[in-house]
Amino acid sequence: MEKGFLPRENLSQLHAVLCQQGYKVIGPQVKDGAIVFDGLRDIADLPWGIVEHTEAGAYRLEDTGDNRCFAWNNGPQGLKPWLFKSQQTVWRGEATSDGIRFKSEQPSPQPLAFIGIRSCDISALYLQDKHFMHSAYADPWYTAQRKQLCLIAVNCSRSNDTCFCESTGDGVEATYGYDILLDELDDGYLVDVKSERGRAITAALPLQPGSQQHHKQAQRQLKNARHQQRVMPDAEQLLKLLEHLNDKHWQDIAERCLACGNCTLTCPTCFCSKQEAEVEPVSGEHHQVRYWDSCFSEKHGYIAGMQLRGDVSQRYRQWMTHKLATWQAQYDRSGCVGCGRCISWCPAAIDIVAEANLILGDDHD
Amino acid sequence: MLQRPLKVAIHKLTSCSGCQLAFINQGPKLLKLLEFVEFTHFIEAGLFAPDQEVDVALIEGSVSTHDDLKRLVNARQRAKLLVSIGACATSGGVQALRNMADDKENWKRAVYAHPEFIEELQDCTAVATHVKVDFELWGCPVTQQQVTECLRQLHAGVKPKDNAEKLCMECKRQGNVCVLITQQAPCLGPVVRTGCGALCPSFGKACYGCFGPSEQPNCESLTNRMTGFGLMPNDIVHRFAAIHSQSPPYQQQIARWRLQDLEGSD
Ligand code: SF4
Ligand code: SF4
Ligand code: SF4
Ligand code: SF4
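A. Seen up close, the site of ligand 4. Close to ligand 4 lie N262(A), C168(B), C171(B), K172(B), C178(B), V179(B), L180(B), C187(B), G189(B), P190(B) and P201(B). Contributing elements (two or more residues each) for the shell around ligand 4: helix 7 (167–173) and helix 8 (179–183) of chain B. With 3 residues, the single largest contributor to the shell around ligand 4 is helix 7 of chain B. Residues of the shell around ligand 4, tallied by class, amount to 8 nonpolar, 2 polar and 1 charged.

Here is the structure:
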């Protein structure tokens, strides 16, 4: 279908239509010095004129004063916290006179429309789908919410210093998985529709036909965004990481690595969790709660009465080899979509691309 | 599972009493707690019986005076299990900063009108320096939840669950934006034990380290990073010489950066 054009002054109608159709709108906003997805009350709350600058261990916003609201690339989190919640009660139990009564925890999904997610967010979503929806044990909370998502994606018009999605095969242009796709241009938005859900929304918008000029500008922007500094080795190369399990370089990384877990928790594809048994102090009810966990946690390596990853070098090795190599056998591709979050949000400024390249380099056997 | 309430004594050594108040301030939850706990000695609640035999002695405060030490030894003898609660008891607390003073007599004179009335031990130390400690609850102050969970588990006859996870984990679960990354703030989260719910980062502030060292704290790397944020050696010393200055991993960094500071000023 031909792409339509939505003049900038009509962007608020997109928000209005989503609300009319019963969605809670989630959009990017500036919060505490970062781009954060949260309930979006008004189009005015979008990050107008804001871009971010990232490097290993640093993230800084800049107000450019221009009239765009999607000129940034990403923030600390994408879709993950909305589907795979950081804290999820999985069942409850109550002591009664004739034993323990178990109660299941029902999902409570709501229709959510996300404005402004990127190609890498969609790739990560599809990877999490494989784990949480299409694996042997589907996750009911994830699945229920996943079915009620409306995704309004935006193509990236620039790349950040830490972006490398072109080399992971994901790319700055969204090609699947969205309901509506926008290219943000000087005077408005090119609008592409992929799904019935999307068509129901665009049908209610005052779209004009997109001009050739609009298309040209969109292509120019994508070309600009494809210039990225970092290059992740390809999938075949990455499998060779498994030939370097005893490389001395893991120890060198461990001297810097804080084993803080920030990389895994900001990574949009990591899915590890732990469960805790908790007691509600007043009612005495038992809650079995699932929390985000990380292979950098000491207890995560404690399996069958044994500590398998006592040393931090082994934990970094677990993270990198799972993400980039063994993930391929598990879910048919590397677990990295090139968003760069683990690089910019690492308090020790460790760069997974640089480290992978170093380990795969000739002089590191 | 104990079929009667757990007998608990709360002893206070040198401290601000903030940890004990974690009990009193919990409203209806305190009534629930009293269903399986019987306090025998708890001065803040008006109960005085330090010599009674108990199942559990909770020790708040550091060993700073001769009297502290005497009472601690007595508490240990009369309890089956001893749990140290709070920063003072687990690592010496803020008052242990005096251990680092070069001239202790001068210090005393600067603080007290009548220093001759102050009769203290050479150093201010953690409970575990003197007696066997069965469990430690870290925090300045400890939370109600920590203490209640510990007592509940002891009453049930199971070993209390320890959680030495790094604060960053909880910070991320809460969805906070990392202040170390956006502000280059000297956050101690990556080397600090969880427990506070990432309170300071949730208000945009760098973690001060109330809960002490986490599992495997890589303070060496974190402090190297802090110098990149423009912190001077003395700033780093101050960062670590606050609540848990006497815990070995922080002590090491204090010594390391004090040395750097001296070398720098030569
Ligand atoms: S690589 Fe960085 S973010 Fe990941 S655990 Fe190590 S220090 Fe933390
Ligand atoms: S490994 Fe790093 S760059 Fe790759 S998807 Fe995860 S956070 Fe993004
Ligand atoms: S990299 Fe670590 S935290 Fe992420 S999914 Fe793999 S084992 Fe889990
Ligand atoms: S703000 Fe502090 S505690 Fe939170 S993730 Fe950053 S370094 Fe860790």
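B. The environment of E52(A), seen in detail. Residues and elements named next belong to chain A. Secondary-structure assignment places E52 in strand 4 (residues 50–55). The spacing of E52 and P107 is 55 residues in sequence and 35 Å in space, taken between C-alpha atoms. A distance of 2.8 Å separates a polar side-chain atom of E52 from the backbone nitrogen of N74.

C. Local environment of the interface of chain A and chain B. In this complex, chain A contributes 46 residues to the contact, which on the side of chain B involves 27 residues. When the buried surface of chain A facing chain B is broken down by residue, L258(A), P281(A) and P347(A) rank first, second and third, together holding 19% of it. Between the two partners, chain A and chain B, sit 2 salt bridges. Between E276(A) and K161(B) there is a salt bridge, and its shortest N-O distance comes to 2.8 Å. At the junction of chain A and chain B, the tally comes to 19 residue pairs in polar contact (both at pLDDT 80 or more).

D. Geometry of the sheet that holds strand 1 (residues 6–12) of chain B. Residues and elements named next belong to chain B. With parallel pairing, 5 strands are arranged side by side in an open sheet as 2-1-3-4-5. Each having just a single partner strand, strand 2 (37–42) and strand 5 (135–137) make up the two edges of the open sheet. With direction set aside, neighbouring strand axes in the sheet form an average angle of 25 degrees. Looking at chain direction, strand 4 (residues 79–85) and strand 5 are connected through 3 bridges and run parallel. Residue pairing for strand 5: S84 is matched across the bridge by E136. Running at roughly 135 degrees to strand 4, helix 3 (residues 66–77) makes contact with strand 1, strand 3 (54–60) and strand 4 of the sheet.

E. Structural detail: the layout of surface pockets. In this model, the largest pocket occupies a volume close to 1,200 Å³. Forming the boundary of the largest pocket are 44 residues, of which E278(A), Q145(B), Q146(B), E149(B) and N163(B) lie nearest the centre. Within the residue set of the lining of the largest pocket, elements represented by two or more residues are strand 6 (87–96), strand 13 (273–279) and strand 14 (286–292) of chain A together with strand 5, helix 6 (144–156) and helix 7 of chain B. Ranked by the residues each element gives to the lining of the largest pocket, the list is headed by helix 6 of chain B, at 8 residues.

F. Summary view of the nonpolar core. Core analysis: the biggest nonpolar cluster contains 122 residues, and L18(A), Y316(A), W319(A), M320(A) and I352(A) have the highest contact counts within it. When residues of this core are assigned to their parent elements, the largest contribution, 7 residues, is made by helix 11 (residues 312–331) of chain A. What L18(A) contacts, discounting residues up to four positions off in sequence, is Y23(A), V25(A), A113(A), I115(A), C150(A), I152(A) and I201(A). L6(B), V56(B), V83(B) and V147(B) belong to the second-largest nonpolar core, a separate cluster that totals 21 residues.

G. Seen up close, the packing of helix 10 (residues 219–228) of chain B against helix 11 (residues 233–240) of chain B. Residue and element names in this part refer to chain B. Relative orientation of the contacting elements helix 10 and helix 11 amounts to 135 degrees, with a least axis distance of 10 Å. By the angle between their axes, helix 10 is oblique relative to helix 11. In this structure, helix 10 meets helix 11 at a crossing whose hand is right-handed. Where helix 10 abuts helix 11, its residues C219, T223, M226 and T227 lie against I236, R239 and F240. In terms of residue class, the contact of helix 10 with helix 11 is built from 4 nonpolar, 2 polar and 1 charged.

What counts, and at which threshold
- Residues numbered from 1 in each chain as written.
- Chains lettered and ligands numbered in written order.
- Predicted model: local features only at pLDDT ≥ 70, side-chain atom pairs only at ≥ 80, totals over all residues.
- Heavy atoms only, no water.
- Near = heavy atom within 4 Å.
- Helix = DSSP H or I, 4+ residues; strand = E, 2+ residues; numbered from the N terminus.
- Nonpolar A, V, L, I, M, F, W, Y, C, P; charged D, E, K, R; others polar.
- Polar contact = N/O pair within 3.5 Å; in protein donor to acceptor, adjacent residues only side chain to side chain.
- Contact = heavy atoms within 4.5 Å.
- Buried area = accessible area lost by both parts, 1.4 Å probe.
- Salt bridge = Lys/Arg side-chain N within 4 Å of Asp/Glu carboxyl O.
- Pairing = 2+ DSSP bridges.
- Axes fitted to C-alpha atoms, helices over the stretch in contact; angles between N-to-C directions.
- 1 Å grid on protein atoms, 1.4 Å probe; cavity = no way out; pocket = protein on both sides within 12 Å on 5 of 7 lines; lining within 4 Å.
- Points joined across faces, edges and corners; volume = space filled by probe spheres on them.
- Core = buried A, V, L, I, M, F, W, Y, C linked by side-chain atoms within 4.5 Å.
- Buried < 20%, exposed > 50% of the residue type's maximum accessible area, 1.4 Å probe, protein only.
- Parallel < 35°, antiparallel > 145°, perpendicular 65-115°, else oblique.
- Left-handed = near helix turned anticlockwise from the far one by under 90°.

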